Amino acid sequence: MKGGVFLKAIRVGLLGLGTVGSGVVRIIQEHQDKLMHQVGCPVTIKKVLVKDIDKKREADLPREVLTTEVYDVIDDPDVDVIIEVIGGVEQTKEYLLDALKSKKHVVTANKDLMAVCGSELLAEAKENGCDLYFEASVAGGIPILRTLEDGLASDRITKMMGIVNGTTNFILTKMIKEKSPYEEVLKEAQSLGFAEADPTADVEGLDAARKMAILARLGFSMNVDLEDVKVKGISQITDEDINFSKRLGYTMKLIGIAQRDGSKAEVSVQPTLLPDHHPLAAVHNEYNAVYVYGEAVGETMFYGPGAGSMPTATSVVSDLVAVMKNMRLGVTGNSFVAPQFEKNMKSPSDIYAQQFLRIHVKDQVGSFSKITSVFSERGVSFEKILQLPIKGHDELAEIVIVTHHTSESDFSDILQNLNDLEVVEEVKSTYRVEGNGWS
Ligand code: NAP
Ligand code: HSE
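Here the structure is a predicted model, which is why all the values come from computation and not from measurement.

Each value, and the rule that gives it
Residues numbered from 1 in each chain as written. Chains lettered and ligands numbered in written order. Predicted model: local features only at pLDDT ≥ 70, side-chain atom pairs only at ≥ 80, totals over all residues. Heavy atoms only, no water. Helix = DSSP H or I, 4+ residues; strand = E, 2+ residues; numbered from the N terminus. Rg over C-alpha atoms; globule rule 2.2 N^0.38 Å. Buried < 20%, exposed > 50% of the residue type's maximum accessible area, 1.4 Å probe, protein only. Areas by Shrake-Rupley, 256 points an atom, 1.4 Å probe, with all protein chains shown as cover. Lys, Arg positive; Asp, Glu negative; His and termini not counted. Charge placed at Lys NZ, Arg CZ, Asp CG, Glu CD. Phe/Tyr/Trp six-rings, centres within 6.5 Å; stacked < 30°, edge-to-face > 60°. Lys NZ or Arg CZ within 6 Å of the ring centre and 35° of its normal. pLDDT = per-residue confidence, 0-100. Contact = heavy atoms within 4.5 Å. Pairing = 2+ DSSP bridges. Near = heavy atom within 4 Å. Polar contact = N/O pair within 3.5 Å; in protein donor to acceptor, adjacent residues only side chain to side chain. Nonpolar A, V, L, I, M, F, W, Y, C, P; charged D, E, K, R; others polar. Salt bridge = Lys/Arg side-chain N within 4 Å of Asp/Glu carboxyl O.

> In this structure, what is going on with the overall build of the protein? I would like to understand it.
Looking only at helices and strands, the protein has 14 helices and 17 strands in total. Relative to its length of 439 residues, the protein is compact, with a C-alpha radius of gyration of 24 Å against a globular reference of 22 Å. With respect to the three principal axes, the spread of C-alpha positions in the protein is 85 × 45 × 35 Å. By the burial criterion, 54% of the 439 residues in the protein qualify as buried. For the protein, the accessible surface area stands at approximately 19,100 Å², while carbon and sulfur atoms represent 49% of it. Of note, the protein has its 47 positive side-chain charges centred 4 Å away from the centre of its 64 negative side-chain charges.

> Sorry, what's going on with the packing of aromatic side chains here?
Each aromatic ring pair is characterised by the separation of its centres together with the angle its planes make. Here the structure, examined in full by the defined rule, presents eight aromatic pairs. Each ring, one from Tyr-133 and one from Phe-336, has its centre 5.5 Å from the other, and the planes form 70°; the classification is edge-to-face. Taken as a pair, Tyr-133 in strand E6 (residues 132–133) and Phe-336 in the loop between helix H12 (309–329) and strand E13 (352–362) lie far apart in primary sequence, 203 residues in all. The pair Tyr-133 / Phe-336 is uniform in exposure class, with both members buried. Seen in terms of ring centroids, Phe-134 and Phe-336 are 4.9 Å apart; in terms of plane orientation they differ by 85°. Their pairing is edge-to-face. Of this pair, Phe-134 sits in the loop between E6 and helix H6 (144–151) while Phe-336 sits in the loop between H12 and E13; the two residues are 202 residues apart in sequence, bridging distant segments of the chain. Classification of Phe-336 by relative accessible area gives buried; the value is 6%. Here the aromatic residues Tyr-133, Phe-134 and Phe-336 are joined through ring pairs into a cluster of three or more. Positioned over the ring face of Tyr-133 is Arg-146, at 5.1 Å from the centre of the ring. Above the face of the Tyr-293 ring, Lys-159 is positioned so that its terminal group lies 5.8 Å from the ring centre.

> Can you help me understand the confidence of the model for the protein in this one?
Interpreting fine coordinate detail is not advised for predicted regions of low pLDDT. Scored by pLDDT, the protein comes out at a mean of 94, with 98% of its residues at no less than 70. Throughout residues 1–5 the model reports pLDDT below 50, and contacts reaching past four residues in sequence, or to other chains, amount to five contacts.

> Can you walk me through the sheet that holds E6 in this structure?
Across a sheet, strands are paired by hydrogen bonds formed along the backbone, either parallel or antiparallel in direction. What the six strands build is an open sheet, ordered E3-E2-E1-E4-E5-E6; its pairing is parallel. Each edge of the sheet is formed by a strand with only one pairing partner; in this case those strands are strand E3 (66–67) and E6.

> Would you take a moment to explain the site of ligand 1 for this structure?
Ligand 1 sits among 23 residues. The nearest are Leu-17, Val-20, Lys-55, Arg-57 and Gly-308. Here an oxygen atom of ligand 1 and a backbone polar atom of Gly-18 are 3.0 Å apart. Within the side chain of Arg-57, a nitrogen or oxygen atom sits 2.7 Å from an oxygen atom of ligand 1. For ligand 1, whose accessible area on its own is 900 Å², the fraction buried by protein is 81%. Its residues assigned to classes, the shell around ligand 1 shows nine nonpolar, eight polar and six charged.

> Whenever I open this one, the site of ligand 2 confuses me. Can you help?
With respect to spatial proximity, the complete set of residues near ligand 2 consists of Lys-111, Asn-165, Gly-166, Thr-167, Phe-194, Ala-195, Glu-196, Asp-202, Asp-207, Lys-211, Gly-306 and Ala-307. Thr-167 is positioned such that a nitrogen or oxygen atom in its side chain is 2.6 Å from an oxygen atom of ligand 2. One of the backbone nitrogen or oxygen atoms of Phe-194 is found 2.7 Å away from a nitrogen atom of ligand 2. Coverage of ligand 2 by the protein chains reaches 93% of its 260 Å² of free accessible surface. Of the residues in the shell around ligand 2, the class split is three nonpolar, four polar and five charged.

> Help me understand the pattern of salt bridges, please; the structure alone is not making it clear to me.
Summed over the entire model, instances satisfying the criterion amount to 32 salt bridges. For Glu-90, the salt bridge identified is with Lys-93, shortest N-O distance 3.7 Å. Taken together, the residues Glu-90 and Lys-93, both in helix H4 (residues 90–101) and three residues apart, mark about one turn of the helix. For Lys-93, a relative accessible area of 10% corresponds to the buried category. Asp-207 serves as the salt-bridge partner of Lys-211, at 2.6 Å between the closest nitrogen and oxygen. Taken together, the positions of Lys-211 and Asp-207, both in helix H10 (residues 206–219) and four residues apart, correspond to about one turn of that helix. Note on accessibility: Lys-211 and Asp-207 belong to one class, buried. Overlapping salt bridges, with partners in common, bring together Lys-8, Arg-11, Lys-46, Asp-76, Asp-78 and Asp-80 in one network.

Put into structure tokens, the structure is as follows:
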């Protein structure tokens, strides 16, 4: 070290040069002065793994840096830090375990991997004195993991409610505001680089579930697994659902909810109705936002781009800066703090929420009172109720209800009892309602 500056460059091995990888290269190249100022040494990209060397690329790199052989990168003795942006789980886990065993620090944007194999990778990193950071795995460009870890370190988090999937938020925004068809908007999201290679994970809520598992683990310091997250995607939402919810003053969003009451937690991802005036209802297109409630701080909200090349790469390169600072101080072997508590998940009788339902009923004397008695038998009252004729079906009527808070177990009994009623043609849809009174 000379004059407070490390002269040796930190050398990066990059796995993947797609949407995020290209952004990482651009930020390292274009922000070199700032990186140098922060960590006191230059950052160079030593080797880059791709599938197809001849593919035309956004990134401006010499061809000889590219390789199709992963161990050219992982085993390169000059590489200090591996940045993983290829995606995938099983094979990628093996690559990163090998990288950690070779004492390379790791930065990844891969929530699929961290949600499923995070504990194993974190243990290997610790064993080898390596850093392992994954800020970009949740909400792309929003530094939410560091916020939970550092900014809110002194508080106890009780609830996190987030729009954590850019693709579905983009689709719902366009469906609601521009009445665009689902398939067309999905294609647009893919072409803009938000959607995963297989968009099923986005639209069926699995991508958001992985992010919520990571958030819950960190926010509640509890060993929450992906299987603990209840998941429902957006593919079943109909125009009628959107129109009726609008009529009652709600906006439909795919919301991840992690809530802790005492020592018990619940985590879910589902299409949810928020009052139009709720701050999360104003989060549009590919933007993400995470609402965090702390016992001491109260309500906070973090908003920003949740996907895309440069926003995601910003988080990745910020993790790289954290690694480089640790290397400089000689304090590597770090990650986000390991959970303090064993898993303790709520049962359906402990999970309370308001519910929205659309029911098709026979338009005859007594239908309405039979319906309402199913709810009153369970002690559940209504906040809003609407009855309308159904065009083209003179014999049927549509009843739309928003209940007060009810437990999941009571609500599932109510649905069963409604379906058993002779006057009920069909329960068309149900959605959780959140944020009345913003909490
Ligand atoms: P992408 O555009 O599909 O890029 C993947 C890159 O990895 C490509 O360069 C591809 O090579 C390379 N690659 C994939 N499998 C490979 C293999 N087996 N061997 C060698 N190279 C391989 O993906 P992405 O959107 O950048 O996403 C990367 C990761 O970041 C994923 O884990 C994703 O979930 C996460 N992420 C993405 C976003 C986003 O907005 N896109 C946001 C947050 C997190 P070729 O270029 O030669 O095909
Ligand atoms: N497919 C993801 C999304 C990318 O749409 O949010 C960011 O993780």
